[in-house]
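The lines below spell out each chain.
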Amino acid sequence: MIGNRARVAVYRHLIGKQLPSYVGLHRKLCWLHSTIAVRWRTGSTPAPILTATPARALVDEQISIKAGFLPQHCPVTLCAQMRSEDGDLWEAFGHYNTSADGTVNLAQDHSVGGSYLGCEPMGLFWGLQPAPGERVGLRLRMKNVEIPLTVDISLMEGHVSPRERESAELAVVTTERWFVTPGVQRIDIRQNGVVGTLFLPPGPGRFPAMVDLWGMGGGLVEYRSAMIASRGFASFSIAYMEHKDLTVQLDISGADAYMKKAFKILRDHPQVCGDRIGIIGLSYGVYMALRMATLLDLNPSCLVCINGPAGSNMELTQTLCKPKTSESDQRFWPRDKAGYLSFREMSSPSNYSPGTQVKIENLTCPLMYILGEDDLNFPSTKNSHLIEDVLKAARKSHLYTCLSYPGAGHLIETPYTPHTRLSMWKLKPRKILALWGGHVAPHAAAQEDSWKKILKFLDKHLRA
């Protein structure tokens, strides 16, 4: 590593004048970085280069990031910056030291500081967090899946922060992260009162398919379905609460009928294999998925459940499918001691309302339960133990697979997307911060590993 005194000597040589050892360095740093960059570009030494391959890729694909034509054993920073659909700035950075041949390769070199540590080829992506000064409680949720996330990656001289990007920048490359592969069809569904979006893979079909259910945040979330379709499965993302096109308030029995209609829409589609349909659910979507599999005589081929309950609380079901939440309803939303929204205590199996626990013993298809051990929003560990115990008692342990991830939180989503420990819960008329849990690096590892195993699970039970 080049020390400060050695750097000053280099700077003196470049500008050809005497420079105070440390005081002048700070004042003239921007000019010096500019001078170095110009010398690299115009002199006999090739200018520094930065590459990201492929520049366009699906969000679950790794890319190769390399820098070259740098001094050997020199400190550099790699910085990623991205604007969300709402215009918020997200950023991540890693501090590296160049090798003996003046290169940096994120697939083999270690970050020694910044947003992440160690050899993390995709740390610049899963390490993205709202930049200082951005709004509190941001969560990256892609609304328009037909446009990419555009991430600019910069190579900077020295171990610096993103705030120093303009003065220290040596090279830049732009990458695009897509949720849909070319040829995927996106189809709006408004049929028999059902609201959703169907994604079909490229080609004529027929395709094995998934029903995609999210949690009590409501709305219509499409990006996981888009990714599932990009991997060769039709996927039907269904809105079942807090959506403007849902015009009827439903109790739980009405919701069962709604889900049955949605399943039938997917099963009857001419490009779908009606006898090869699975269900994936996150959070409260797990409860709905389990009900569909055990109560409604739909016979799904498999289930994927991510951090959710096997039962419910009566106050929760009263708002199901309701397009708006009134202020009086908010008294039912539980908060922890810090005032953050959390269903951790309310959704414990001991607090299920009578008659709401799913009859898990009736399950007939394989179930993969994905568990974040640091889930601070739901008691996922207790729920996974309940499901496992009931299936064991029913002599159906062979149907159950649990993937348990230390340090992972509630929102286990697609790989290489940013972790969110705390975010704004968008309820009207007021907004509440929801606590999700998890720590950045282990949560990122959980997202990468679980996604690979989900796709392998779907291949086994829907394609075979």
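Bear in mind the structure is a predicted one, so any value in this text is a computation, not a measurement.

(A) Representation of the sheet that holds strand β18 (residues 400–405). The strand order across the open sheet formed by eight strands is β11-β12-β14-β13-β15-β16-β17-β18, and the pairing between neighbours is mixed. The strands lining the two open edges of the sheet, one partner per strand, are β11 (185–191) and β18. Each adjacent strand pair in this sheet contributes to an overall mean axis angle of 20 degrees, direction not counted. Relative to strand β16 (residues 302–306), strand β15 (residues 272–282) runs parallel, the two sharing five bridges. For Ile280, the partnering residue across the bridge sits in β16 and is Val304.

(B) Local environment of the packing of aromatic side chains. One pass over the full model with this rule turns up seven aromatic pairs. Above the face of the Trp436 ring, Arg139 is positioned so that its terminal group lies 5.8 Å from the ring centre. Across the ring face of Phe125, the terminal group of Arg177 is positioned such that the distance to the ring centre comes to 4.8 Å.

(C) Inspection of the confidence of the model for the protein chain at higher detail. Per-residue confidence for the protein chain gives a mean pLDDT of 87, with 84% of residues at or over 70. With pLDDT under 50 throughout, residues 1–42 is counted as low confidence; its partners more than four residues away or in other chains account for 53 contacts.

(D) Region of interest: the nonpolar core. Counting 131 residues, the largest nonpolar core has Ile153 and Leu213 as the members making the most contacts within it. With sequence-adjacent residues up to four places away left out, Leu213 is seen in contact with Arg224, Ile238, Tyr240, Met259, Ile279, Ile280, Gly281, Leu282, Gly285, Met288, Ala289 and Met292. Residues Cys79, Phe93, Val160 and Ala168 belong to the second largest nonpolar core, which totals five residues.

(E) Fine view of the pattern of salt bridges. Evaluated as defined, the whole model comprises 19 salt bridges. Between Lys143 and Asp86 there is a salt bridge whose closest N-O contact spans 3.5 Å. Of this pair, Lys143 sits in the loop between β8 (129–130) and β9 (149–157) while Asp86 sits in the loop between β4 (75–83) and β5 (89–97), and the two are 57 residues apart along the sequence. Residues Glu413 and Arg139 are paired through a salt bridge, measuring 3.6 Å at the closest nitrogen-oxygen approach. Placement of Glu413 in the loop between β18 and β19 (422–426) and of Arg139 in the loop between β8 and β9 is noted, with a sequence separation of 274 residues between them. The exposure class of Glu413 is buried, given its relative accessible area of 12%. If you follow the salt bridges from partner to partner, you end up with Asp60, Glu61 and Arg231 in one network.

(F) Examining the sheet that holds strand β3 (residues 64–68) more closely. Judged by pairing direction, the sheet is antiparallel, and its three strands sit side by side in the order β1-β3-β6 without closing on themselves. Looking at the sheet topology across the chains shown, the edges are occupied by β1 (49–53) and β6 (104–105). As paired elements, β1 and β3 share five bridges and run antiparallel to each other. Along β3, the bridge assignment pairs Thr53 with Ser64.

(G) Region of the structure containing unusual backbone geometry. For the bond running from Thr53 to Pro54, omega is -5 degrees, close enough to zero to count as cis. Checked against the element boundaries, Pro54 lands in the loop between β1 and β2 (56–58). Of note, the bond from Gly205 into Arg206 is cis; its omega dihedral lies within 30 degrees of zero at 15 degrees. Note that Arg206 resides in the loop between β12 (194–200) and β13 (207–213). If you check the backbone angles, His73 has positive phi at about 50 degrees while not being a glycine. Mapped onto the secondary structure, His73 falls in the loop between β3 and β4. His73 gets classed as partly exposed once you look at its relative accessible area, which sits at 40%. Notably, Asp297 is not glycine yet its phi reads approximately 55 degrees, a positive angle. Relative to the helices and strands, Asp297 is located in the loop between α8 (284–294) and β16.

What counts as what
- Residues numbered from 1 in each chain as written.
- Predicted model: local features only at pLDDT ≥ 70, side-chain atom pairs only at ≥ 80, totals over all residues.
- Heavy atoms only, no water.
- Pairing = 2+ DSSP bridges.
- Helix = DSSP H or I, 4+ residues; strand = E, 2+ residues; numbered from the N terminus.
- Axes fitted to C-alpha atoms, helices over the stretch in contact; angles between N-to-C directions.
- Phe/Tyr/Trp six-rings, centres within 6.5 Å; stacked < 30°, edge-to-face > 60°.
- Lys NZ or Arg CZ within 6 Å of the ring centre and 35° of its normal.
- pLDDT = per-residue confidence, 0-100.
- Contact = heavy atoms within 4.5 Å.
- Core = buried A, V, L, I, M, F, W, Y, C linked by side-chain atoms within 4.5 Å.
- Buried < 20%, exposed > 50% of the residue type's maximum accessible area, 1.4 Å probe, protein only.
- Salt bridge = Lys/Arg side-chain N within 4 Å of Asp/Glu carboxyl O.

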